[in-house]
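# Breakdown of the fold
The lines below spell out each chain.
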There are 2 protein chains.
Amino acid sequence: MARALRVGLAGLGTVGGGVIKLLDTNAALIERRAGRAIEIVAVSARDRTRDRGVDLSRFDWVDDTAALATRDDIDAVVELIGGSDGPALVLARATLARGRAFVTANKAMIAHHGIELAEAAEAAGAALKYEAAVAGGIPVIKGLREGAAANEIGRVYGVLNGTCNYILSTMEQEKRDFAEVLAEAQALGYAEADPSFDIDGVDTAHKLSILASLAFGTRLDFGSVAIDGIRHVIAADIAEAHGLGFRVRLVGLAESNSKGLFQRVHPCLVPLGHPLAHVTGSLNAVVAEGNFVGRLFMEGRGAGEGPTASAVVADLIDIARGEFGPAFAMPVASLAQPAPAAAGERRGRAYLRFTVADRPGVLAEITAAMRDAGVSIESLIQRAATADGSVLLVMVTHESPERAVIEALDRLEGSQSITDRPMLMHILDI
Amino acid sequence: MARALRVGLAGLGTVGGGVIKLLDTNAALIERRAGRAIEIVAVSARDRTRDRGVDLSRFDWVDDTAALATRDDIDAVVELIGGSDGPALVLARATLARGRAFVTANKAMIAHHGIELAEAAEAAGAALKYEAAVAGGIPVIKGLREGAAANEIGRVYGVLNGTCNYILSTMEQEKRDFAEVLAEAQALGYAEADPSFDIDGVDTAHKLSILASLAFGTRLDFGSVAIDGIRHVIAADIAEAHGLGFRVRLVGLAESNSKGLFQRVHPCLVPLGHPLAHVTGSLNAVVAEGNFVGRLFMEGRGAGEGPTASAVVADLIDIARGEFGPAFAMPVASLAQPAPAAAGERRGRAYLRFTVADRPGVLAEITAAMRDAGVSIESLIQRAATADGSVLLVMVTHESPERAVIEALDRLEGSQSITDRPMLMHILDI
């Protein structure tokens, strides 16, 4: 039996504790699978005194996190600190510069600095692994990097944020509005005190940009992801969507073709027959479409102590086995850098919801704007006025270019009849 | 750029042709991903003259398939001949004995001879890879061997045979009987002329035994898989199951615990809320339950030219990258060999369908047998007699040990009231 893989662990929050528990609980099995033991030798975190429910006395405590990178008794550093810059990035650079393996769950850092770190890893011949950064316990990084590696991938998309999916699922089940369900999720610890990274789609965009790079063999391009969150989805949207045969999901979608690289995070209407419609609660799921394999679908738990620890330790096992290679599936020099594709020419059906005043001529005004922009209407539902006198108008357009729908909304900008921001969601007809 | 990985391809049926097409179509992309080109240099098949729709003139033609193993210009042999023994096994042994990489889609050979071949691969330090042997294009071998490697897996199960799932889905959609749908599937080329390997569950059992070995770290034990197929499922079973909130699926399920290793292939009632209920047509899907990751679900196309070629070439890319290790996730010497677990003590609900004569006392006779065996009935449906005078009696039991249900059926053996073989299906309450 080869000697143990010696690990330095930075960050002792929920996931850090999970990694320690996993390595304890499954130690014998992991040693059989990895061909050698995987042992934590040193840990580092901000607060030494906090009780984390695991015995830390067996590990060296390191006050200066970056010192984990330079110890001679550490083969691999696991970073669970978080944040795209700061101590996490300092640690990553220092570890890879020393030629040591680096494992992280940090999607923000990979989305922003992944290329730099991959270059450092290549230069040093070191492993840079980040399975836990996307979709938690689902081995989707491995699925794209290796499982689907023989395919040209045309599209990769999925439900990548458990908090948003929990909120949308609960809104649907309990017919409640966004703010109320969010507040409850925060009280239960399912949503952060500052939830904007999740609910405004930034977290999904981080993950999407990583998936896109792996799927298409392109450089990370987080900056060109169009991002919209779920803040403006109301209970009525979900109810109307359901009546029309859809569920509302926050979908991150990336597509690569001759028009360039398209990346968008957006609440979408997903047909009930599509596998993403069945991804409920805090589950995550990813779909990849390959030119030979067809549609691959992977679902599982996208966050939390156990699933994230599972992904972190899977990376460590790959390292212990010596089964690893370029972080983005190919050397950085081989990655393409396509131009971002504009959304305007994309064709599809759209869902529109208007809150309007209950008076004559409103419907004529809105339908005229649609006609003048060249958008044809597939179905239209007008509900009777609610107690506050506002009327809900919901429509699904026929397939048309997105710019036409945007133009129709532009024409209605400033209308006195429309009392609230219109809601636009794309329909996932794939 | 390193020199190309040179491949010898044995077997030029649908999948062999697919591998050639894939390596042609995606050549540039594969070279970027693998870090080197993957090139077929020689091919071998029974019939040299058959038109396969691909240009074979660029490859050396080898009449004696086994000669692929001994050529100095071949780094990896791909075996797509099929059959658990015969030329496929001869080629596997010869290739691994020479220390060359061996890639196969041959589930029967792996299920029967996988341990011997893994030992040969280990002794020679060669790769033995078989992603295409289970669930076609879905990277489930990799998912278990690597993606979920940090977990103790309690249970692995899935829909592993596309032909059976196509037949069951079509029976459900078109409310038609088994024999008719099978005949049509054969005419369309979706089922083999001799379909017994598929419909009697043997193919699923081959795949299940492979998944079980990877999931649990145990030696392959195909011999102890309990196997039942879908031949006796009638349209009425599917309709009644649907009325009760279930779909009928041929499920291969393996479970490992202190009672031993349990492996069974059986038509099951799957609750509509379970992801396997949404696996329709010829799709395949696999569920693995890990002690940290929770439930992982992977779905995709389980057979056919493109998906199978995708899996074969993914294996070649791993080999080209040098990212491979023990075939069953750990050295053969580390694999455990648990005793097979008996089905009798398993607890669960069961579906029973009796075809009975339309006369007094029948219901009393059957319900008495259930009572005497200690099986309590959750729901019971009796339909009015059909034109031929037979009556359908369907029941769902409360959770009980399987031996009790078997005992009830034994008590009814030889009954004059029961005019056809009773149907027993287990309910997948997981």
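Owing to the predicted nature of the structure, the values given are computational and were not obtained by experimental measurement.

### Points about the sheet that holds strand β2 (residues 38–44) of chain B
All names here are of chain B. The strand order β3-β2-β1-β4-β5-β6 describes an open sheet built from six strands, whose pairing is parallel. Each end of this open sheet is capped by a strand with a single partner; those strands are β3 (60–61) and β6 (128–129). In the sheet, β2 pairs with β3 via two bridges, with the strands oriented parallel. From the neighbouring strand, alanine 42 faces β3, where its bridge partner is aspartate 60. Running over the sheet, helix α11 (residues 305–321) touches β1 (5–10), β2, β4 (76–79), β5 (101–104) and β6 and is turned about 160° from β5.

### Thoughts on the confidence of the model for chain A
A residue-level look at chain A finds 100% of positions with pLDDT of 70 or above and a mean pLDDT of 96. This prediction of the complex comes with two scores: 0.97 for pTM and 0.96 for ipTM.

### Overview of the sheet that holds strand β5 (residues 101–104) of chain A
Pairing in this open sheet of six strands is parallel, and the strands run β3-β2-β1-β4-β5-β6 (chain A) from one edge to the other. Where the open sheet ends on each side, the last strands, each with one partner, are β3 (60–61) and β6 (128–129) of chain A.

### Details of the side chain of Asn284(A)
Residue and element names in this part refer to chain A. Structurally, asparagine 284 can be placed in strand β11 (residues 283–290). On the basis of relative accessible area, asparagine 284 is assigned to the buried category, the value being 0%. Apart from the residues lying within four places of it in its own chain, the contact partners of asparagine 284 are Ala135, Ile138, Val159, Leu160, Asn161, Gly162, Val279, Met298, Glu299, Gly300 and Gly302.

### Some details on the interface of chain A and chain B
The interface is formed by 56 residues belonging to chain A together with 56 residues belonging to chain B. Of the roughly 4400 Å² buried between chain A and chain B on both sides combined, carbon and sulfur atoms contribute 52%. Sorting the residues of chain A by area buried against chain B places Arg32(A), Arg33(A) and Phe292(A) first, and these three jointly supply 18% of that buried surface. At the boundary of chain A with chain B, the tally comes to four salt bridges. Between Glu323(A) and Arg145(B) there is a salt bridge, and its shortest N-O distance comes to 2.9 Å. Listing elements by their share of the side of chain A that touches chain B, those giving two or more residues are α1 (14–25), α2 (27–34), α5 (140–147), α9 (202–216), β12 (294–301) and α11 (305–321) of chain A. Considered class by class, the residues forming the side of chain A that touches chain B number 28 nonpolar, 15 polar and 13 charged. Of the pairings in the sheet, the one linking β12(A) to strand β12 (residues 294–301) of chain B comprises three bridges and is antiparallel in character. Residue pairing for β12(B): Phe297(A) is matched across the bridge by Glu299(B).

### Looking at the relation of the copies chain A and chain B
Here chain A sits on chain B after a turn of 180° about the axis and a move of 0.0 Å along it, with an RMSD of 0.1 Å. The transformation relating the two chain copies, once decomposed into turn and shift, fits a two-fold axis. When the interface residues of chain A are mapped onto chain B, 100% of them again fall at the interface, so both copies present the same face.

### Let's talk about the pairing of strand β7 (residues 153–159) of chain B
Residue and element names in this part refer to chain B. Within β7, six of the seven residues are buried, leaving the element largely enclosed by the surrounding structure. Direction of pairing for β7 relative to strand β11 (residues 283–290): antiparallel, over a ladder of six bridges. Across the sheet, residue arginine 155 finds its bridge partner in β11, namely glutamate 289. Sheet topology places β7 next to strand β9 (residues 246–257); four bridges connect them, and they run antiparallel. Within β9, the residue paired with tyrosine 157 across the bridge is leucine 253.

About the cut-offs
- Residues numbered from 1 in each chain as written.
- Chains lettered and ligands numbered in written order.
- Predicted model: local features only at pLDDT ≥ 70, side-chain atom pairs only at ≥ 80, totals over all residues.
- Heavy atoms only, no water.
- Pairing = 2+ DSSP bridges.
- Helix = DSSP H or I, 4+ residues; strand = E, 2+ residues; numbered from the N terminus.
- Contact = heavy atoms within 4.5 Å.
- Axes fitted to C-alpha atoms, helices over the stretch in contact; angles between N-to-C directions.
- pLDDT = per-residue confidence, 0-100.
- Buried < 20%, exposed > 50% of the residue type's maximum accessible area, 1.4 Å probe, protein only.
- Buried area = accessible area lost by both parts, 1.4 Å probe.
- Salt bridge = Lys/Arg side-chain N within 4 Å of Asp/Glu carboxyl O.
- Nonpolar A, V, L, I, M, F, W, Y, C, P; charged D, E, K, R; others polar.
- Least-squares fit on C-alpha atoms with pLDDT ≥ 70 in both.

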